[in-house]
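Now for the letters of each chain:
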Amino acid sequence: MIPSLLPGRPHFDLVGGELCVEGLPLATLAREYGTPLFVYSKAAMLEALAAYQRGFAGRKARICYAMKANSSLGVLQVFARAGCGFDIVSEGELERALAAGAAPGDIIFSGVGKTRAEMQRALRVGIGCFNVESEAELEVLSAVATAEGKTAPVSLRVNPNVDPKTHPYISTGLKGNKFGVAHERALQTYRRAAALPGLRVVGIDCHIGSQITAEEPYLDAMDRVLDLVEAVEAAGIPLPHIDFGGGLGINYNGDEPPKADALWGELFAKIDARGFGDRQFMIEPGRSLVGNAGVCLTEVLYLKPGEQKNFCIVDAAMNDLPRPAMYQAFHAIVPVREGSGEAIRYDVVGPVCESGDWIGHDRMLCVQSGDLLAVMSAGAYCMSMASNYNSRGRAAEVLVDGGQVRLIRERESAADQMRGERLLP
Ligand code: LLP
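On a predicted model such as this, the values are computed, not experimentally measured, just so you know.

A. Quick peek at empty space enclosed by the protein. Inspection of every chain in the model, using the stated rule, returns one cavity of 30 Å³ or more. Quantified by volume, the largest cavity comes out at close to 60 Å³. Contributing to the lining of the largest cavity are Y52, Y218, F244, G245, G246, G247, L248, L263, W264, I283 and P285. Looking at the lining of the largest cavity, its residues break down into eight nonpolar, three polar and no charged.

B. Up close: the nonpolar core. Of all hydrophobic cores here, the largest spans 100 residues; its most connected members are Y65, F79, F86, F130, F244 and W264. Looking at which element gives the most residues to this core, the answer is helix α8 (residues 216–234), with nine residues. Looking at this core, you find at least three residues from each of domain 1 (3–41 + 291–418) and domain 2 (110–285). In this structure, F79 is in contact with M45, L49, Y65, C84, F86, L289 and V290, ignoring residues within four places of it in sequence. Core analysis: the next-biggest nonpolar cluster, separate from the first, contains 20 residues, F12, V21, M376 and A396 among them.

C. Region of interest: the pairing of strand β17 (residues 344–349). Strand direction decides the pairing type here: strand β15 (residues 311–314) and β17, joined by three bridges, are parallel. The partner of I313 across the bridge, within β17, is V349. Examined bridge by bridge, β17 and strand β18 (residues 358–365) share five bridges and lie antiparallel to one another. Paired with I344 across the strands is L365, a residue of β18.

D. Layout of helix α7 (residues 186–195). Here α7 has its buried residues at A186, T189, Y190 and A193. Projected down its long axis, α7 carries its buried residues within an arc of 100°, all on one side. As for α7, its buried residues are in contact with α6 (135–147), β9 (152–159), β10 (181–182), β11 (199–205) and α8.

E. Highlighting the domain arrangement of the chain. Structurally, the chain comprises domain 1 (3–41 + 291–418) and domain 2 (110–285). Of the residues lining the interface, 13 residues belong to domain 1; the matching set on domain 2 comes to eight residues. Where domain 1 packs against domain 2, one counts two residue pairs in polar contact (both at pLDDT 80 or more). Broken down by class, the residue content of the side of domain 1 that touches domain 2 amounts to six nonpolar, five polar and two charged.

F. A look at the packing of aromatic side chains. Counted by the stated rule, this structure contains eleven aromatic pairs. On the basis of an interplanar angle of 25° and a centroid distance of 6.1 Å, the ring pair of F109 and F130 is categorised as stacked. Linking F109 in strand β7 (residues 107–109) with F130 in strand β8 (residues 129–132), this pair joins segments that are 21 residues apart in sequence. For F109, a relative accessible area of 0% gives the class buried. Owing to a relative accessible area of 0%, F130 belongs among the buried residues under this scheme. Three or more aromatic residues joined by ring pairs form one cluster here, namely F56, Y218, F244, W264, F268 and F281. For R59, the ring lying beneath its charged end belongs to F268, and the centroid distance is 3.9 Å.

Rules used throughout
Residues numbered from 1 in each chain as written. Predicted model: local features only at pLDDT ≥ 70, side-chain atom pairs only at ≥ 80, totals over all residues. Heavy atoms only, no water. 1 Å grid on protein atoms, 1.4 Å probe; cavity = no way out; pocket = protein on both sides within 12 Å on 5 of 7 lines; lining within 4 Å. Points joined across faces, edges and corners; volume = space filled by probe spheres on them. Nonpolar A, V, L, I, M, F, W, Y, C, P; charged D, E, K, R; others polar. Core = buried A, V, L, I, M, F, W, Y, C linked by side-chain atoms within 4.5 Å. Buried < 20%, exposed > 50% of the residue type's maximum accessible area, 1.4 Å probe, protein only. Helix = DSSP H or I, 4+ residues; strand = E, 2+ residues; numbered from the N terminus. Domains from an automatic or database assignment. Contact = heavy atoms within 4.5 Å. Pairing = 2+ DSSP bridges. Arc of directions from axis to C-beta. Polar contact = N/O pair within 3.5 Å; in protein donor to acceptor, adjacent residues only side chain to side chain. Phe/Tyr/Trp six-rings, centres within 6.5 Å; stacked < 30°, edge-to-face > 60°. Lys NZ or Arg CZ within 6 Å of the ring centre and 35° of its normal.

Now the structure itself:
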């Protein structure tokens, strides 16, 4: 039965055999806006945010939404209006955050490869903190800030060398990763930061990976970070804030990650015991705020029975939903209307000319051409990673808020795609 696929996706429910978002039938939205269509529930986003807010109640804390998960302006506005800051990784994300109404001081800038131009723009608008990832970056940032007549607020991203037990492509806190400053070099890198003229040390940060479903990696990383806070402060460099990154997983396929409030209850028990309870805390959650607040609606184009496999060819593809092709990721696929008859095993695939263009393998479905399917857990790292491969226009997006449906992104046209290109004379 379909309901078993829905735990962890609040506000997406089956009502009389019809899949609904906040009580609205998804089929109605597909009819009005076409497919493929991303549909987001504002209530689901705010509910996910509320779990973190409960975890931080009574603490000095700032939640900086990691907007790489979904950087559509309408989504950013929801979080800006709910009081979030933003974790950005590029000038494009900076401009989007500002366009959505973010206060510059609530923006933190992560990433291993910030350019001088990006640093300059971020300094001019006055962002809250640069999360610096190497000594070379410290030198450049100090020079850029000095030339601007400014002092850049910096935090060092330290690499705690903790295994987050997730997919290798999205694990970031191990020694072999390109991210962060090695634990052993952190103190000397802080000394350098404190000595550079264009910088002001304001904190420490770490981010160990993404889609983390276990508690231990977080608890271990917190211990490692607090050890460093002690060592750096003992060397006379105060660290006003501790940024613990993002990474909390969601339910894709029966996964049971810790709840944000419970996890932070555990973390604060440790933090309090070590005497850091009244520090300013920051986090950078992405997926756990939006992942299960969105679905991608797609229409079945053709059923293609085969000798070894049956294919269900849909109008969404790897350019819309790149996670299966990139990470062999699992997304539940649910008929928008319960079919009657016997379910058949299908590979659900898109129209793109690659065998890697699949959305789900071996799914039992009772479908016909023209039926609608909902690809679940599609709020994070889907639209923000979408491409124009095969010159496919990117999908439209709507945000549902109670009875209101707002188109937050138009479907991309062929003309939109060619804008900026020049024909040869
Ligand atoms: N902070 C930093 C520095 C990050 O690199 C990331 C994600 C986050 C925060 C947010 O992590 P989250 O809470 O969303 O796990 N495209 C992949 C995920 C890549 C994550 C990259 N960094 C996927 O689709 O699974």
